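# Structural characterization, general
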Amino acid sequence: MKRTDTSNPDYFHQVVDCQWGCPAHTDVPEYIRLIAQGRFDDAYMVNRESNVFPGILGRVCDRPCEPACRRGRMDEKPVAICRLKRVAADHRGDITDRLPRAPKEKNGKKVALVGGGPASLTVANDLLPLGYECVIFEAQAVAGGLMRYNIPAFRLPHEVLNEEIDYILDMGAEIHYNHRVESMKALLDEGYDAVFVGSGAPRGKELRLPGRYDTENIHIGIDWLESVAFDHIDAVGKKVLIIGVGNTAMDCCRTSLRLGAENVKVMARKPREFFKASVWELEDAEEENVEIVVNHSPKEFVVENGKLKGMSFELMEYTIENGRIQDQDVTGEVFIACDDVILAIGQENSFPWIERDLGIEFNPWEEPMVDEVTYESTRGGVFFGGDSAFGPKNIIWAVEHAHQAAISIHRHCQGESLQDRLPDLLNLQSRKMGMHEWSYSSTFDPAARRKMMHVPLEQRFEALGKEVELGFDAEQTAKEVERCLNCDIQTVFSDSLCIECDACLDICPTQCLTITSNGDKEDLVTRLKAPVLEHEQPLFVSGELKQTSRVMVKDENFCIHCGLCAERCPTAAWDMQKSLLTFPKAADYVSGPDSGERPCQQRKAG
Amino acid sequence: MTFARPKINLPGQKVNEIGLALRDYEGSLSTLCAGCGHDSITAALVQALWEMSIRPEQLIKMSGIGCSSKTPAYFVHGAHGFNSVHGRMPSVATGALAGNRDLVGIGVSGDGDSLSIGFGQFGHVIRRNVNMLYLIENNGVYGLTKGQFSASADAGSTSKKGEVNQMQNINAVATAISMGASFVGRSFSGDREQLVPLIKAAIAHPGCAVLDVVSPCVTFNDHEGSTKSYAYTRDHKLRAVEADLISPRAEIKASYYAGDTHPVRLHDGSTILLRKVDPDYDPTRRNNALGYLERHRSRGEIVTGLLYIDQNVTDMHSQSRTTAMPLKAMDYERLNPGSEALRELQKGMK
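Residues numbered from 1 in each chain as written. Chains lettered and ligands numbered in written order. Predicted model: local features only at pLDDT ≥ 70, side-chain atom pairs only at ≥ 80, totals over all residues. Heavy atoms only, no water.

### Digging into the overall build of chain A
The criterion, for reference: To qualify as a helix, a DSSP run of H or I must reach at least 4 residues; to qualify as a strand, a run of E must reach at least 2; elements of each kind are numbered from the N terminus. The buried label applies to any residue whose accessible area, calculated with a 1.4 Å probe on protein chains only, is under 20% of its type's maximum; exposed applies above 50%, and partly exposed to all values in between. Working rule for contacts: check all heavy atoms of both residues, and any pair within 4.5 Å makes them a contact. Method for areas: the Shrake-Rupley scheme with a 1.4 Å probe, in which residue coverage is limited to the protein chains shown. Residues scored as charged are limited to Lys and Arg (positive) and Asp and Glu (negative), so that His and the chain ends carry no count. By convention, charge coordinates are those of NZ in Lys, CZ in Arg, CG in Asp, or CD in Glu.
A tally of helices and strands in chain A yields 21 helices and 23 strands. Here the C-alpha coordinates of chain A stretch approximately 90 × 65 × 45 Å along the principal axes. The buried share of chain A, taken over its 606 residues, is 57%. The contacts in chain A between residues at least 6 apart in sequence include a share of 71% that link residues at least 24 apart. Accessible area for chain A stands at about 25300 Å²; split by element, carbon and sulfur atoms hold 47% of it. Taking the average location of the 68 positive side-chain charges in chain A and that of its 98 negative ones, the two points are 3 Å from each other.

Take a look at the structure:
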């Protein structure tokens, strides 16, 4: 195999599984270390730089980082990354003086942002400090979008939401509430330098079955949640059926319980392994005694004299091979009585307000054609981000889309190429302090994942907005931070220094190092000390070693970053170095006469 | 700050025939210098013992004094051990194995412990052919006392400060062969592929198996001018004859016999397969071996591999016609028949 090119930032980035898995590339191990040191403000700011809404995401993020976490590959549960993010947010002091500020003097460019959700807010967050005027059009009387009216307050309290949204609005964004944009043409005619569409995927999918329109008691999940959020609905029947098992379904069933429902069933068409909801959301719903019923396919709504009696379902049986459904059979039919039905079977984009003769092209599924790098539509100067770009994803994706779109908007307004993007940056810095001393907690802590404490069931349903999760206490936080393996403290190898004494190979507690003769990948993996289990994980191959022309091979999969290889190396051929990865944002594209270091380079690792 | 090696249960970990993982054959964390050849040898011992599925309680580890003699603490923490007086490991080993012939004995010594203070003991354990692995971790230097030349340092090699060694060296393998050892090998700590099979063959051999392993001292003897450094040993190492141990249960594949190979069958049914790398070399003839060693020594080459083997030398227990039952398993009355029995015995000698 060829010598691994570790100067490509992607190599070490991929080793930091959580950061690689996070769409916005949050520097997770760095902020976990800052929390360990009690530096909550710093931890919050590290978060905010990439994900903008740490307090919000610390409660309701989809957490792609956690399934990616290295700890999870070692027969254990991943680090509770999301919970720790909340610790940083909950315990921070006043950080307002560290927030970006908009200059008094504007640059004369005006950007319209459609929708006041996470995507538009992030664009404003990135562009306001550069002197742009950002005008947000929000259909509701408050900002937040999906974060406010699709996520119930018992998961995300309004104070948390308001505080982080206000950080951005207070920078000087102009926001028009109760202003639904009805015509893209009219908006374009107003002469904005750029338009960003961050209006989400606001249409809940329909279930067109007999009886659907014969009663008032069948609701569309996201619309129903929105009505609850704005107090238009404050009650629901005793028996409620939720159709679908995504995260919206989980929010609907738990909200129903808080509006007076006594018996809530979530009806799934398929077996549990095909559920779309996050595992923890399913657990939280089941903790509240929601029954999740599998293998029931909706057949019809049973309505008598305009009153919903219940629903009938077909009982399904599936033949599953290798995690895929090969065949299905209907084995019977069942009637389940209910007072209300809530449909939570997905969302889709909807753009009735964009005229089709403006040069903004749509695909056959009515989704806009959006460039995956620049987020520009087929009409120059019109950008899409968040759920409105590629359909429903989640908040953290919306934030990343918006960071990229903000760069494009800036380039567009300056008349520069959108495709020319700055490269990601990598900085490595040794963590050696002296004999047996490293400036990070290198020892492996075998502690198990801490469990989030919840408000007791008997108190939970008192008020709709009572937050269920209590957050980690000091003791839980202290334990959990030590579970992080510090994957960003990289093992950096210098082949010219190695004397092939094998000390690192022998000390490695996971046998992830091997010195062997080189060969192609298939051949090389047969000679490694431990079997390669995850072929997705990178393999490090050094250059030829001086004495025997063999190569050092490291399977990154099981490295626990304990630093023992470097500890035992007599020539410091191995060193533990912090990889500080930086991902340019719009501010990094500003070039002025006195711009030396770009803003993204100014953050130093703690 | 101290550091510890964490124990981690990884998926896909292999176990041997008696259900133990490699990690079960490890000992305490080494306190030797980082990069010490001795640690590499420890790892080779761990590997070999694991592959042979030796029960930890079946093993006794013995040593004298020196960097090398710390080694027994670093492998198989479930085994018996005895850290004895400087140069006196052979006496302790002889006693232990006389008392319990069922033990697998490993003595770890160094060039100072075996070729200086313990030179006399070294000769006699070979002569008695005590059934054990006698492993010399040979670095040519007194590491614990800051790097003076040891008895195995080559004449003309230089110390770390540049001083030239004037004295002739004691060659451990040539000495052992000329003293009538039944199994003599030499290897290098940095060549695990050669060392592990050699250790296995030495443990299986029913007699005193001497293994001289060049083990660079990273702190005092890994410089230019040293003849025991990593770089020098790699440059001047010559593989003469390789050994593989085939257990009695294993099927002997035809591919093992490719090239110049011949089997040596051991009493326990296992086989040591000798593969001659140099056709000129015959490890079963003493004068051929000694001549070959001397020819290559004069060229500055370090001959490695299984250098001499003789299955027909009787071991200590056969020489002394001792009982087949380990003494520790014997009843007290049988082991110590009393003064009356002694008087009866003496009567017959008058």
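We are not done yet, so read on.
### Structural notes on the packing of aromatic side chains
All names here are of chain A. Keep this limit in mind: Aromatic pairing here means that ring centres of Phe, Tyr or Trp (its six-membered ring) are within 6.5 Å. Orientation follows from the plane angle: under 30 degrees is stacked, over 60 is edge-to-face, and everything else is tilted. By the criterion adopted, a ring carries a charge over it if an Arg CZ or a Lys NZ lies within 6 Å of its centre and within 35 degrees of its normal.
For the structure on display, the rule yields 14 aromatic pairs over all chains. Ring geometry for Phe 493 against Trp 574: centres 4.6 Å apart, planes inclined by 45°, an arrangement best described as tilted. Separated by 81 residues along the polypeptide, Phe 493 in strand β19 (residues 489-493) and Trp 574 in strand β23 (residues 574-582) bring together distant segments of the chain. Assessed through its relative accessible area of 11%, Phe 493 is described here as buried. Using a relative accessible area of 3% as the deciding quantity, one classes Trp 574 as buried. Three or more aromatic residues joined by ring pairs make a cluster, and in this case those are Phe 351, Trp 353, Phe 362 and Phe 384. Sitting over the ring of Tyr 44, Arg 92 keeps its end group 4.2 Å from the ring centre. The positively charged end of Arg 258 is found above the aromatic ring belonging to Phe 154, 3.7 Å away from the centroid.

### Section: helix α8 (residues 286-298) of chain B
An α-helix turns once every 3.6 residues. As a result, residues three or four positions apart point the same way. Residues and elements named next belong to chain B. Just so we agree on the cut-off: Helix span, as expected, comes to 1.5 Å for every residue beyond the first. As used here, the arc belongs to the directions running from the helix axis to the C-beta atoms.
Taking 1.5 Å per residue as the helical rise, α8 with its 13 residues ought to reach 18 Å, and the 18 Å between its terminal C-alpha atoms agrees with that figure. Buried within α8 we find Asn 288, Ala 289, Tyr 292, Leu 293 and His 296. One side of α8 carries all its buried residues, which in axial view fall inside an arc of 130°. Exposed side of α8, more than 90 degrees from the buried face: Asn 287 and Ser 298 are the residues found there. One or two steps after α8, the chain reaches Gly 300, where phi turns positive at roughly 80°.

### Quick look at the pattern of salt bridges
Residue and element names in this part refer to chain A. Put simply, the test is: For this analysis, a salt bridge means a side-chain nitrogen from Lys or Arg found within 4 Å of a carboxyl oxygen belonging to Asp or Glu.
One pass over the structure, following the stated rule, counts 57 salt bridges over all chains. For Glu 30, the salt bridge identified is with Lys 578, shortest N-O distance 3.3 Å. With a gap of 548 residues between them, Glu 30 in helix α3 (residues 28-36) and Lys 578 in strand β23 connect regions that are remote in the sequence. Lys 578 gets classed as buried once you look at its relative accessible area, which sits at 1%. Between Arg 86 and Glu 467 there is a salt bridge whose closest N-O contact spans 3.4 Å. Within this pair, whereas Arg 86 is found in helix α7 (residues 81-91), its partner Glu 467 is found in the loop between α17 (457-460) and α18 (474-483), the two being separated by 381 residues in sequence. You'll find Arg 86 and Glu 467 in the same group, each marked buried. Each member of the salt-bridge network shares a partner with another, and the members are Asp 27, Glu 30, Arg 33, Asp 488 and Lys 578.

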